[in-house]
Amino acid sequence: MGNNGVDQSVKHLEEGVSSKQPCDDDIEKIGSVGELVNRDDKNSGHEQLGTSIAGNQRANSGRRSPLLEISRSKELYISHSPKKGLDHSSTAPIEHHRSLSLMNDDYGITFSRSMTEKLDRLSEREKQQLIVNLVKIQNDGTVEVDLDKSTPVASEWLERHNIEPPITLHDKTSGSCKSIPRLKIVILVVGTRGDVQPFLAMAKRLQEFGHHVRLATHTNFRTFVKSAGVDFYPLGGDPRILAGYMARNKGLIPSGPKEILIQRKQLKAIIESLLPACTEPDLETGVPFKAQAIIANPPAYGHAHVAEALGVPLHIFFTMPWTPTYEFPHPLARVSQSAGYWLSYIVVDLLIWWSIRGYINDFRKRKLKLAPIAYFSTYHGSISHLPTGYMWSPHVVPKPSDWGSLVDVVGYCFLNLGSKYQPPEKFVQWIKKGPKPVYIGFGSMPLDDSLQTTDIILEALKDTGQRGIIDRGWGDLGNLKDVPVDVYRLEDCPHDWLFPQCSAVVHHGGAGTTATGLKAGCPTTIVPFFGDQFFWGDRIHQKGLGPAPIPISQLNVENLSNAIRFMLQPEIKAQALELAKLLENEDGVAAAVDAFHRHLPPELPIPSSSSDDEEYPNPLDWLFAKIGKLCCRPCGGSGS
């Protein structure tokens, strides 16, 4: 019952993949992760992920296994000389590290050559079995990593540091400023609105430095992006379908053949839209565009390959941990041994690669004109060798001690939409009529039964004697004919305006929603659906800012009522207000832009000599070109 057809998918994969294929480059023979491994029926509760992570982090935070080391493969060098052919903005302040002499904490992971060559010589079926032996996929979509020392694969991966010595890096920077060229920057973002919003804030700040910024994301957010004064370009994939897929499958792993087809269609659409987003003219104005730098979040799969093809720098930014660390496991992994925390990131990365490898190699060959990449030794999917910025406050999750200077924890990146929001007068009057209400909403998360969830919320509010705001969201929450007088049904209201009006908040645990609630000083209950939402729910509880997270499958009147009572305790409110004061002094957007500038390489793509002339084409030429594309046949054809 728990496998939901995955066994049949594994059988299909084994029949369809040749063991003689040297590279994973046949689009017709793609094996999804769902076709690769079986789910474990014994551990299906969502709560086990939150409990496991909480227990592991409290018991082992900061501990480091002597078996694990990280080595580097690249040298850092930053020039301060403006490059000929690039227009430069005003000199930007850059924070430099005084010492970049590093032993174990920078430039990601370098697998030993002998090991990767041996792994690449494995047949497709042997590679498949390697992953099966190393991990178990739970019914909640998380990855359970088994670090039993009798497992040859785990042992060899963990002991690889004995083969290659670490490389010592030396800081070649000097001074406190460097001149930043004005660049054409594309920002590639896959996800929901909460994923897009911090990047939009960053895009606006980059424009203040004179950069030409294009934000490429799903068509659903066209108006949202353009209303902020930032150029928009559509990426493939539908965020509603993606959110529904993640909620049904509780993570990365498809639960059956139908889900596999959904995953494949969405991944293919995203990957094939990346190159046009970086190189095609603006779809409305016709203004030419070719990216000189790329900023992306990890789910924009294919970002590194497009950057490689274009020869431009790539900087990763994300709202959840994606860089290997010894201090806590990957948010999508379940690890019982602290020594396996670091390895959990590699395993999740490997499973993602297994899902997308066929699409990526096909994309490299057909669109990017690059050679396909082998399974292990030339895999560039990992972000560990790339500059990476994490968009959360170090007061909530401090930067791990084993993340080197390539990694920055920049702080929360707020867009500050509330300053221009004009609430309906009816809503303003309702707020003034009584004590501060409790906010309850689940944003972009789909709901299996919105009426039942609404009934649970109404009963819990009645049970605790609280007024409540129910946010409709994508799940159509609170859709009732008769709404109690102490409840207000809301939609499309900026959280940064709304949350300061509330006594506490209950939500799905999206990184952006969590950040806004903390900034407003609100005690928080997280009802996670999938992914990093469990991570943030656990972190909120550990910091004393709210109760233990309530997985959506366990949301009932009793649990929600208890959570509301917990949040309303004076000591919990005091903790939330103390953190809010700390967040007031942070400017995550400025820190993110500084990190991007600081990590720019000395050599950048120089635009062609005609690019300045093409930047603002003749309006008539552009108009006739657009008309020509719309015509079904050449103009000026023979008459009747």
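Keep in mind the model is a prediction, meaning the values are calculated, not measured.

**Q** Report on the overall build of the chain, specifying residues and quantitative values.
**A** When its secondary structure is counted, the chain shows 22 helices and 18 strands. Out of the 640 residues belonging to the chain, those deemed buried represent 56%. Restricting the contact set of the chain to residue pairs at least 6 apart, pairs at least 24 apart contribute 73%. Carbon and sulfur atoms make up 51% of the accessible area of the chain, which amounts to about 27600 Å² in all.

**Q** Residue-level account of the side chain of histidine 508, with values.
**A** With respect to the secondary-structure elements, histidine 508 resides in the loop between β17 (504-507) and α16 (511-519). A relative accessible area of 9% places histidine 508 in the buried class. Not counting residues within four places of it along the chain, the set of residues in contact with histidine 508 comprises Gly441, Phe442, Gly443, Met445, Thr513, Ile526, Val527, Pro528, Phe529 and Gln533.

**Q** Pulling in residues and values, what's your account of unusual backbone geometry?
**A** Phi is positive for lysine 369, close to 55°, though the residue is something other than glycine. Here lysine 369 lies in the loop between α12 (341-366) and β12 (388-390). For lysine 369, a relative accessible area of 65% corresponds to the exposed category. Of note, aspartate 492 is a non-glycine position whose phi angle comes to about 55°, a positive value. Position of aspartate 492 among the secondary structure elements: in the loop between β16 (487-490) and α15 (495-498).

**Q** With reference to specific residues and values, describe the sheet that holds strand β18 (residues 524-526).
**A** A sheet is described by the order of its strands in space; here 5 strands give the open sequence β16-β15-β14-β17-β18, paired in parallel fashion. Unpaired on one side and paired on the other, β16 and β18 mark the two borders of the sheet. Adjacent strand axes in the sheet meet at a mean angle of 15°, parallel and antiparallel pairs treated alike.

**Q** Got a sec to walk through the sheet that holds strand β9 (residues 293-296)? Specific residues and values, please.
**A** One open sheet accounts for 7 strands, arranged β8-β7-β6-β9-β10-β12-β13; its pairing is parallel. Each edge of the open sheet carries a strand with a single partner, namely β8 (231-235) and β13 (407-409). Sheet twist, expressed as the average angle between the axes of neighbouring strands with direction ignored, equals 20°. Note: strand β10 (residues 314-318) against β12, 3 bridges, orientation parallel. Within β12, the residue paired with isoleucine 316 across the bridge is threonine 388. Packing of helix α7 (residues 193-208) onto the sheet brings it into contact with β6 (184-188), β7 (212-218), β8, β9 and β10, and relative to β7 it is tilted by some 165°.

**Q** Hey, could you go over the nonpolar core for me, with residue numbers and the actual values?
**A** In this structure, Leu188, Ile294 and Tyr390 are the most contacted members of the largest nonpolar core, which totals 67 residues. When residues of this core are assigned to their parent elements, the largest contribution, 10 residues, is made by α12. Split by domain, the residues of this core number at least three in each of domain 1 (184-409) and domain 2 (425-585). If we skip the residues at most four places from it in the chain, tyrosine 390 touches Phe318, Met320, Pro321, Trp322, Thr323, Ile383, Trp403, Val407, Asp408, Val409, Val410 and Gly411. Within the second largest apolar cluster, 33 residues are counted, among which are Ile180, Val196, Phe224 and Leu604.

**Q** Describe the confidence of the model for the chain, naming the residues involved and giving the relevant values.
**A** Averaged over all residues, the pLDDT of the chain equals 76, while 64% of them reach at least 70. Here residues 160-176 is modelled with pLDDT under 50, and outside its nearest four sequence neighbours on either side it reaches 52 contacts, counting other chains as well. In the predicted structure, residues 377-381 sits below a pLDDT of 50 and forms 13 contacts with residues beyond four places in sequence or in another chain.

**Q** Before we move on, can you summarise the side chain of aspartate 408 with the specific residues and values?
**A** Structurally, aspartate 408 is set in strand β13. Look at aspartate 408 and you get buried, because its relative accessible area is 10%. One polar contact links aspartate 408 to histidine 599, side chain to side chain, over a distance of 3.0 Å. Non-local contacts of aspartate 408, meaning those with residues more than four positions away in its chain, are made with Thr388, Gly389, Tyr390, Ala595, Arg598 and His599.

**Q** Go over the packing of helix α14 (residues 450-464) against helix α18 (residues 557-567), please, and point to the residues and values.
**A** Contact geometry of α14 with α18 gives a least axis separation of 9 Å together with a crossing angle of 45°. Considered as vectors, α14 and α18 are oriented oblique to each other. Read as a crossing pair, α14 and α18 show a hand that is right-handed. Contacts between α14 and α18 pair Ile456, Ile457, Glu459, Ala460, Leu461, Asp463 and Thr464 from the former with Val557, Leu560, Ser561, Ile564 and Arg565 from the latter.

**Q** Before we move on, could you go through the environment of phenylalanine 534 and cite the residues and values that matter?
**A** Structurally, phenylalanine 534 can be placed in helix α17 (residues 532-542). For the pair phenylalanine 534 and proline 549, spaced 15 residues apart in sequence, the C-alpha to C-alpha distance is 7.2 Å.

**Q** How would you sum up α14? Please name residues and give values.
**A** Between its terminal C-alpha atoms α14 stretches 21 Å, which fits the 21 Å expected from 15 residues at 1.5 Å a residue. When we look at burial in α14, the residues that qualify are Ser450, Thr453, Thr454, Ile456, Ile457, Leu458, Ala460, Leu461 and Thr464. In this structure, the buried side of α14 is in contact with β14 (438-441), β15 (468-471), β16 and α18. Between the side-chain oxygen at the start of α14 and the backbone nitrogen of leucine 451 there is a gap of 3.3 Å, and the oxygen is on aspartate 449. One or two positions beyond α14, positive phi appears at glycine 465, with a value near 70°.

**Q** For the environment of glycine 210, give the residues involved together with the corresponding values.
**A** Considering the arrangement of structural elements, one finds glycine 210 in the loop between α7 and β7. Glycine 210 sits in the partly exposed class, given a relative accessible area of 33%.

**Q** Please provide a residue-by-residue account of a negative patch on the surface, values included.
**A** On the surface, Asp448, Asp449, Asp455 and Glu459 cluster together to form a negatively charged patch. Tracing the backbone shows glutamate 459 in helix α14. A relative accessible area of 41% means that glutamate 459 is categorised as partly exposed.

**Q** Hey, could you go over the pattern of salt bridges for me, with residue numbers and the actual values?
**A** In this structure the tally under the stated criterion is 13 salt bridges. Between arginine 565 and aspartate 463 there is a salt bridge, with its nearest N and O atoms 2.9 Å apart. Remark: aspartate 463 occurs in helix α14 and arginine 565 occurs in helix α18; sequence separation between them is 102 residues. Residue classification places arginine 565 among the partly exposed positions, given a relative accessible area of 40%. The class of aspartate 463 is partly exposed, set by a relative accessible area of 44%. If you follow the salt bridges from partner to partner, you end up with Arg472, Asp476, Arg489 and Glu491 in one network.

**Q** Report on the packing of α16 against α17, specifying residues and quantitative values.
**A** Where α16 meets α17, the closest approach of the two axes is 10 Å, and the angle between their N-to-C directions is 20°. Here α16 is positioned roughly parallel relative to α17, judged by the angle of their axes. Residue-level inspection shows Ala511, Thr514 and Leu518 of α16 in contact with α17, the latter providing Asp532, Trp536 and Ile540. The residue makeup of the contact of α16 with α17, split by class, is 4 nonpolar, 1 polar and 1 charged.

Here is what the cut-offs are and how they apply
- Residues numbered from 1 in each chain as written.
- Predicted model: local features only at pLDDT ≥ 70, side-chain atom pairs only at ≥ 80, totals over all residues.
- Heavy atoms only, no water.
- Helix = DSSP H or I, 4+ residues; strand = E, 2+ residues; numbered from the N terminus.
- Buried < 20%, exposed > 50% of the residue type's maximum accessible area, 1.4 Å probe, protein only.
- Contact = heavy atoms within 4.5 Å.
- Areas by Shrake-Rupley, 256 points an atom, 1.4 Å probe, with all protein chains shown as cover.
- Pairing = 2+ DSSP bridges.
- Axes fitted to C-alpha atoms, helices over the stretch in contact; angles between N-to-C directions.
- Core = buried A, V, L, I, M, F, W, Y, C linked by side-chain atoms within 4.5 Å.
- Domains from an automatic or database assignment.
- pLDDT = per-residue confidence, 0-100.
- Polar contact = N/O pair within 3.5 Å; in protein donor to acceptor, adjacent residues only side chain to side chain.
- Parallel < 35°, antiparallel > 145°, perpendicular 65-115°, else oblique.
- Left-handed = near helix turned anticlockwise from the far one by under 90°.
- Expected span 1.5 Å × (residues − 1).
- Patch = residues over 30% accessible without salt bridge, like charges linked within 9 Å, V, L, I, M, F, W, Y side chains within 5 Å.
- Salt bridge = Lys/Arg side-chain N within 4 Å of Asp/Glu carboxyl O.
- Lys, Arg positive; Asp, Glu negative; His and termini not counted.
- Charge placed at Lys NZ, Arg CZ, Asp CG, Glu CD.
- Nonpolar A, V, L, I, M, F, W, Y, C, P; charged D, E, K, R; others polar.

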